[in-house]
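Report on the structure
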Amino acid sequence: KEADRVADRKRWMRWALYAVQLLLLFVLQETPGLLPPVMGAKPMLILAAALTIAMVEDCVPAMAFGIFAGLLADFGGGSAMGYHALVFGVLCFLLSGLCGTRIQIHVFTAILMGLWSCAAAVVLDWLVLYVARGYSLAAYALVNAYLPIYFYTLLMIPVCYGLQYLNRRFFGRR
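Given the structure is predicted, the values throughout are model-derived calculations rather than measurements.

Put simply, helix H1 (residues 2-30) and helix H3 (residues 59-77) touch, their axes get as near as 11 Å, and they point 20° apart. By the angle between their axes, H1 is roughly parallel relative to H3. The element H1 and its partner H3 pack so that their crossing is right-handed. On H3, the residues that touch Trp15, Tyr18, Ala19, Leu22, Leu23, Phe26 and Glu30 of H1 are Pro61, Phe65, Phe68, Ala69, Leu72, Phe75 and Gly76.

Our next topic: H1. Helix length check: H1 (29 residues) gives 42 Å between terminal C-alpha atoms against 42 Å at 1.5 Å per residue, within 8%. Close packing links the buried residues of H1 with helix H2 (45-56), H3 and helix H6 (138-171).

One can find Glu57 in the loop between H2 and H3. Within the structure, Glu57 has its side chain in polar contact with the side chain of Trp15 (distance 3.4 Å). Within the structure, the side chain of Glu57 is placed 3.1 Å from the side chain of Tyr18, a separation counted as a polar contact.

Let's shift gears to the packing of H2 against H6. In the contact formed by H2 and H6, the axes pass within 8 Å of each other and the chain directions differ by 45°. Our classification of the angle between H2 and H6 gives oblique. Note that H2 runs across H6; the crossing there is right-handed. Only Thr153, Met156, Ile157, Cys160, Tyr161, Gln164 and Arg168 of H6 make contact with H2, whose side of the interface consists of Leu45, Leu47, Ala48, Ala49, Leu51, Thr52, Ile53 and Val56. When the residues that make up the contact of H2 with H6 are grouped by side-chain class, the tally is 11 nonpolar, three polar and one charged.

Within this structure, the stated rule accounts for zero disulfides. You can see Cys92 has no disulfide; the closest cysteine sulfur is in Cys99, sitting 10 Å from it. Take Cys92: its relative accessible area is 1%, and that puts it in the buried class. Not part of a disulfide, Cys160 finds its nearest cysteine sulfur in Cys118, a span of 10 Å. When its relative accessible area of 2% is taken as the criterion, Cys160 is described as buried.

In globular proteins that are soluble, nonpolar side chains generally tend to be buried together. Ranked by size, the top nonpolar core spans 48 residues in total, and within it Leu22, Ile46, Leu51, Met55 and Phe88 carry the most contacts. Elements represented by at least two residues in this core include exactly H1, H2, H3, helix H4 (83-101), helix H5 (107-131) and H6. Those residues in contact with Leu22 that lie beyond four places of it in its chain are Ile46, Ala49, Ala50, Ile53, Phe65, Phe68, Ala69 and Leu72.

This next bit is on unusual backbone geometry. If you check the backbone angles, Met39 has positive phi at about 55° while not being a glycine. The backbone of Leu137 shows a phi angle near 60°, a positive value even though the residue is not glycine. Mapped onto the secondary structure, Leu137 falls in the loop between H5 and H6.

On to the pattern of salt bridges, then. Any two side chains of opposite charge can pair, so long as their charged atoms come close to each other. According to the stated counting rule, one finds three salt bridges in the structure shown. Arg5 is paired through a salt bridge with Glu2; the nearest N and O atoms lie 3.7 Å apart. With a gap of three residues between them, Arg5 and Glu2 both fall in helix H1, about one helical turn apart. Classification of Arg5 as partly exposed rests on a relative accessible area of 48%.

So, how was this worked out
Residues numbered from 1 in each chain as written. Predicted model: local features only at pLDDT ≥ 70, side-chain atom pairs only at ≥ 80, totals over all residues. Heavy atoms only, no water. Axes fitted to C-alpha atoms, helices over the stretch in contact; angles between N-to-C directions. Helix = DSSP H or I, 4+ residues; strand = E, 2+ residues; numbered from the N terminus. Parallel < 35°, antiparallel > 145°, perpendicular 65-115°, else oblique. Left-handed = near helix turned anticlockwise from the far one by under 90°. Contact = heavy atoms within 4.5 Å. Expected span 1.5 Å × (residues − 1). Polar contact = N/O pair within 3.5 Å; in protein donor to acceptor, adjacent residues only side chain to side chain. Nonpolar A, V, L, I, M, F, W, Y, C, P; charged D, E, K, R; others polar. Disulfide = S-S within 2.5 Å. Buried < 20%, exposed > 50% of the residue type's maximum accessible area, 1.4 Å probe, protein only. Core = buried A, V, L, I, M, F, W, Y, C linked by side-chain atoms within 4.5 Å. Salt bridge = Lys/Arg side-chain N within 4 Å of Asp/Glu carboxyl O.

Here's what the structure looks like:
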């Protein structure tokens, strides 16, 4: 009974740290001039964090943190409220299911999982927020706006994975 209470307490502390981490990364991401732009793009730190959280948590908490990160992205990015919440939530749920049953997560595998999951989010953003709205020069926008965001966000996956690793060391989990 006592072991269950300790495990519950650690789980809640781990989740609280995830929430604080997402909030701090959101502030870092949205503060002008704090992160240097690369080719005019800034990384989506909360996407990288949500994906790495999904790699180490069960499906439902991963989806919840994906939705939370997506709501933050919607709030900061000026897109329709709920769009990123839906995309991040589904993506984190799928990623968690895959990583929880088939793949042992290390830095290298986290980067591999980040390659496709981050690409899915960024390409879907491009399709929904640019192509579907009928803007011209879609290929130009993909190459010059969305791909730099993708690669810069991908560079943040190991950093966010390190944060999740430290969180797991102190509060347990995969």
